[in-house]
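Given next are the chains, with one letter for each unit.
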Amino acid sequence: MNDQAHFRVRFAPSPTGYLHVGGARTALFNWLLARQAGGAFILRIEDTDRLRHVAGAEDKIIDDLRWLALDWDEGPQVGGDNGPYYQSQRLDIYERHVQQLLEQGKAYYALETPEQLDAMRAEARKAGTSISYRRPDPLPTIEQGLAAKEEGRAVVVRFKMPPDDIVVRDMIRGELVVGEGELEDFVIQKSDGWPTYHLACVVDDALMKITLVCRGQDHLSNTPKHVALQRALGFEMPRYAHLPLIFNMSGSKMGKRDKHTAVHEAAARWVRDGKWKPDDIAERAGVAADAAAAWFGDKKAKRKPEFQAMPVDGLLRLADAADVVLPEIDVHDFRASGYLPESLGNFLNLLGWSGGDDLEFFDRGHAVKAFSVDRIIKSNAKFDRDKLLSLNKDWCAKAPADRLLAAFKDWTRAAGSPMAALDDDTAARVLAACAGFRTFRDVQAKAGILFADDADIEYDPKAVKKVLAKNDGAGYATLERLHPELETVEPWTAEAIEAFFNETCEKTGAKLGDLAQPIRVAVAGRPVSPAIGETLVFLGREKTLRRIRNCLDGRQS
RNA sequence: GCCCCCAUCGUCUAGAGGCCUAGGACACCGGCUUUUCAUGCCGGCGACAGGGGUUCGACUCCCCUUGGGGGCGCCA
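Before going into details, it helps to say that this report is about the structure given with it. (Residues numbered from 1 in each chain as written. Chains lettered and ligands numbered in written order. Predicted model: local features only at pLDDT ≥ 70, side-chain atom pairs only at ≥ 80, totals over all residues. Heavy atoms only, no water.)

1. Observations concerning the protein's contact with RNA strand B
We count it as follows: We call a residue near a given molecule or strand whenever any one of its heavy atoms falls within 4 Å of it. Whenever two N or O atoms come within 3.5 Å, that pair is a polar contact, provided that in protein one can donate a hydrogen and the other can accept it, and provided that, for residues adjacent in sequence, both atoms are side-chain atoms. Helix and strand assignments follow DSSP, with helices taken as H or I runs no shorter than four residues and strands as E runs no shorter than two, numbered in order from the N terminus. Classification used: nonpolar for Ala, Val, Leu, Ile, Met, Phe, Trp, Tyr, Cys and Pro, charged for Asp, Glu, Lys and Arg, polar for all others including Gly.
Lining the immediate surroundings of RNA strand B are 67 residues, of which Lys190, Lys446, Glu498, Pro527 and Ser529 lie closest. Here, RNA strand B places atoms within 4 Å of the protein, and 64% of those atoms are sugar or phosphate. Here a sugar or linking oxygen of RNA strand B sits 2.8 Å away from a polar atom, N or O, in the side chain of Arg173. Ser191 has a polar side-chain atom sitting 2.8 Å from a base oxygen of RNA strand B. For the surface near RNA strand B, the secondary-structure elements that each account for two or more residues are helix 5 (114-127), strand 4 (156-159), helix 7 (197-207), strand 11 (381-382), helix 17 (385-398) and helix 23 (512-524). The biggest single contributor to the surface near RNA strand B is helix 23, with five residues. Grouping the constituent residues of the surface near RNA strand B by class yields 20 nonpolar, 23 polar and 24 charged.

Printed below as a string of structure tokens:
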């Protein structure tokens, strides 16, 4: 019991953008561990990189964690006894520890210039070794370091790596031994006085009494450094669990670059097909015309930094205009695409962990009970969106109606869908009429046009040809015939409308599709919509008749 | 280049020496249901990276090769 009360884990994101799915998985696993043990889950913002910091990113991360229902016991917004929880507010703490190491001779001021460091690295590479920094002999004294600082030179503090073997016990990977001389003296304080990740992380984990550090495997190689620091500072060593990484299906890293690449490929294709001119693209993306011309005429341009730096809103406008669905990378992207947090959480739970049974569809409650570190998988995983899509479909199908409705309303508002204005009852009926959808975007695609302005209808030429124009305009003839009859259908309900269609079929010997499809194309512009009765009810009689009329009036000979 | 980690269907994974004719899910293919698109139901295709050991017996243990990944920053 006491043991459980002392169980403390943390999630420590760096505010350089939205919450990445990999980070979300790490957060989830930590949360699961904490809830299961009855321990504490701490959120700490690692904002020690002033250059890469993105304004407002921490709030976005916090928002996405909340959306995923991963609540924390200590951290931003909730406080706690071990704060502050922003590293940028803990500089005095780090300074104190750096001074301590300095005074004890366990760290020293290092005066090398970037050029000297580069030279050392090149030399090490040639010599076939991975340690490049050579400790100066004799070491600069504290006085010398201070004096150099006075002169305005860039001075950092390096940790003096002790000549010991370091053993890290990882709960997932087992024992990891790093021998003497395999680690170099790394920087613990930058020349601007801010701590590096290694120092800040070790100090905070200790002061925040973290008992288990569960993080991405990309930190595995750093861990021996952390252990050495802990020893030097007299800290207790937490337990470690390094999670496998998550990649794209192609095996590439899931990064925000993927979005740029997707847009670039689409835009370049459109330029090639003559659909767009670089000038149009420049305008939409809000960039200089010559830049756009250079980017989209050049296959390799997508790798250029100027292109990668393209502003996000411009990117989104482009993607929207080009009908490109950007690959989802961040939690935020999945929100925008109309996924349920339940299914994203469920899916992430399955990446790098398995319950050992065939159960794949489960809620958080089950996850808390079933989760365990020894069932975490060692190998990296690929993020299969198809599987997520399928899982989301199942979650939508099984979610309680009120829960689904609430999530749907959130989404319509965020997505700026015309369905955002619907009352609850209608929205619920739309959801029911689209049953079988995979994401809310599917609902939008199927029924959104019914609630949009008439002018927003884009008639799909293929559908018009096949359903309306074919056979000497048989479909148009059907519209002419049904239009007046639809005026008299009473009441205007799905049942009555369906009954009307069925009766007409019986009378004329037509098949339902012969009647419903022309109507569907006329009112939706495409051969896809909910069942014909519901479709027309959502539209209302007036709009139905008007759209059919408009369609007939706009008929091309 | 150096150090480290990993390795079962296309993908996520089950498998802790005989339960394996290697199981499930997604994807894919075929069929059925269906007023469109979906959904749903039924069936099918499909893997132990290669080579050496250890053992009466290896997907399971060991070694090598190959492949994938990470680290080697005044990024985290």
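2. Quick word on the state of the cysteines
The cut-off we apply is this: To count as a disulfide, a pair of cysteine sulfur atoms needs to be within 2.5 Å.
Applying the stated criterion across every chain, the model contains zero disulfides. Cys214 forms no disulfide, and the closest cysteine sulfur to it belongs to Cys201, at a distance of 13 Å. Counting only cysteine sulfurs, Cys434 is the nearest neighbor of Cys396, a cysteine outside any disulfide, at a range of 11 Å.

3. Overview of the side chain of Asn222
The following threshold applies: Contact definition: two residues touch when any of their heavy atoms are within 4.5 Å.
Turning to its location among the elements, Asn222 is positioned in the loop between strand 8 (212-216) and helix 8 (223-233). Setting aside residues up to four positions removed in sequence, Asn222 forms contacts with Tyr197 and His198.

4. Quick notes on the environment of Tyr240
Its location among the elements puts Tyr240 in strand 9 (residues 239-243). Sequence separation between Tyr240 and Leu207 is 33 residues; the distance between their C-alpha atoms is 17 Å.

5. Observations regarding the nonpolar core
Convention followed: Only buried residues count toward a nonpolar core. Its members are Ala, Val, Leu, Ile, Met, Phe, Trp, Tyr and Cys residues joined through side-chain atoms within 4.5 Å. Three exposure classes are used, based on accessible area relative to the maximum for each residue type with a 1.4 Å probe and protein chains only: buried under 20%, partly exposed in between, and exposed over 50%. For the purposes of this description, domain bounds are those given by an automatic or database domain assignment.
Grouped together as the largest cluster of nonpolar side chains are 110 residues, with contacts concentrated most on Phe383, Phe440, Leu486, Ile519 and Leu536. Considering each element in turn, this core owes the most residues, 10 residues, to helix 2 (residues 21-37). Taken together, domain 1 (90-243) and domain 3 (454-553) each give at least three residues to this core, which thus spans both. If near-sequence neighbours (up to four positions away) are discounted, Phe383 is found in contact with Val21, Ile246, Phe247, Asn248, Met249, Met254, Phe334, Phe347, Leu348, Leu351 and Leu388.

6. Structural notes on the side chain of Glu112
Under the convention used in this document: Charge assignment: positive for Lys and Arg, negative for Asp and Glu; neither His nor the chain ends contribute. One speaks of a salt bridge when a side-chain nitrogen belonging to Lys or Arg is within 4 Å of a carboxyl oxygen belonging to Asp or Glu.
As for its placement among the helices and strands, Glu112 is situated in the loop between strand 3 (107-110) and helix 5. No salt bridge is formed by the buried Glu112; the nearest opposite charge belongs to Arg158, separated by 4.6 Å. A distance of 2.9 Å separates a polar atom in the side chain of Glu112 from a polar atom in the side chain of Tyr133. Here Glu112 is in contact with Leu117, Met120, Tyr133 and Pro136, once residues within four sequence places are set aside.

7. With respect to the environment of His20
Along the polypeptide, His20 turns up in the loop between strand 1 (8-11) and helix 2. Residue His20 is classed as partly exposed on the basis of its relative accessible area, which comes to 25%. Contacts of His20, omitting those with residues within four sequence positions, involve Met254, Ile329, Asp330 and Val331.

8. Structural notes on the packing of aromatic side chains
Inclusion rule: Working definition: rings of Phe, Tyr and Trp (its six-membered ring) pair if their centres are within 6.5 Å, and the pair is stacked with planes under 30 degrees apart, edge-to-face with planes over 60 apart, and tilted otherwise.
All told, the structure shown has 13 aromatic pairs when counted by the stated rule. Relative to Phe371, the ring of Phe29 has its centre 4.8 Å away and its plane inclined at 55°; by these criteria the two rings are tilted. Residue Phe29 is located in helix 2, and its partner Phe371 is located in the loop between helix 16 (364-370) and strand 11; the two are separated by 342 residues in the primary sequence. When its relative accessible area of 0% is taken as the criterion, Phe29 is described as buried.

9. Some remarks on the pairing of strand 1
Test applied: By the convention used here, strands pair only if DSSP detects at least 2 bridges between them. For crossovers, right-handed means that the path from the first strand over the helix to the second runs clockwise, given strands pointing away from the viewer.
Residues of strand 1 alternate between two faces, with Arg8 and Arg10 on one and Val9 and Phe11 on the opposite face, all of them buried. Both strand 1 and strand 2 (residues 40-43) contribute to a ladder of four bridges, which runs parallel. The residue bridging Phe11 from the neighbouring strand is Leu43, located in strand 2. Handedness of the crossover joining strand 1 and strand 2 through helix 2 is recorded here as right-handed.

10. Details of helix 25 (residues 541-553)
The line we're drawing: Take the number of residues in a helix, subtract one, and multiply by 1.5 Å to get its expected span. This arc corresponds to the set of directions leading from the helix axis out to the C-beta atoms.
Helix length check: helix 25, at 13 residues, gives a terminal C-alpha distance of 18 Å against a target of 18 Å (1.5 Å per residue), a fit within 8%. Listed as buried for helix 25 are Arg541, Thr544, Leu545, Arg547, Ile548, Cys551 and Leu552. For helix 25, the angular spread of buried residues about the axis comes to 165°, placing them on one side. Counted as exposed and oriented over 90 degrees from the buried face of helix 25: Glu542 and Asp553. Contact partners of the buried residues in helix 25: helix 21 (461-488), helix 23 and helix 24 (532-539).

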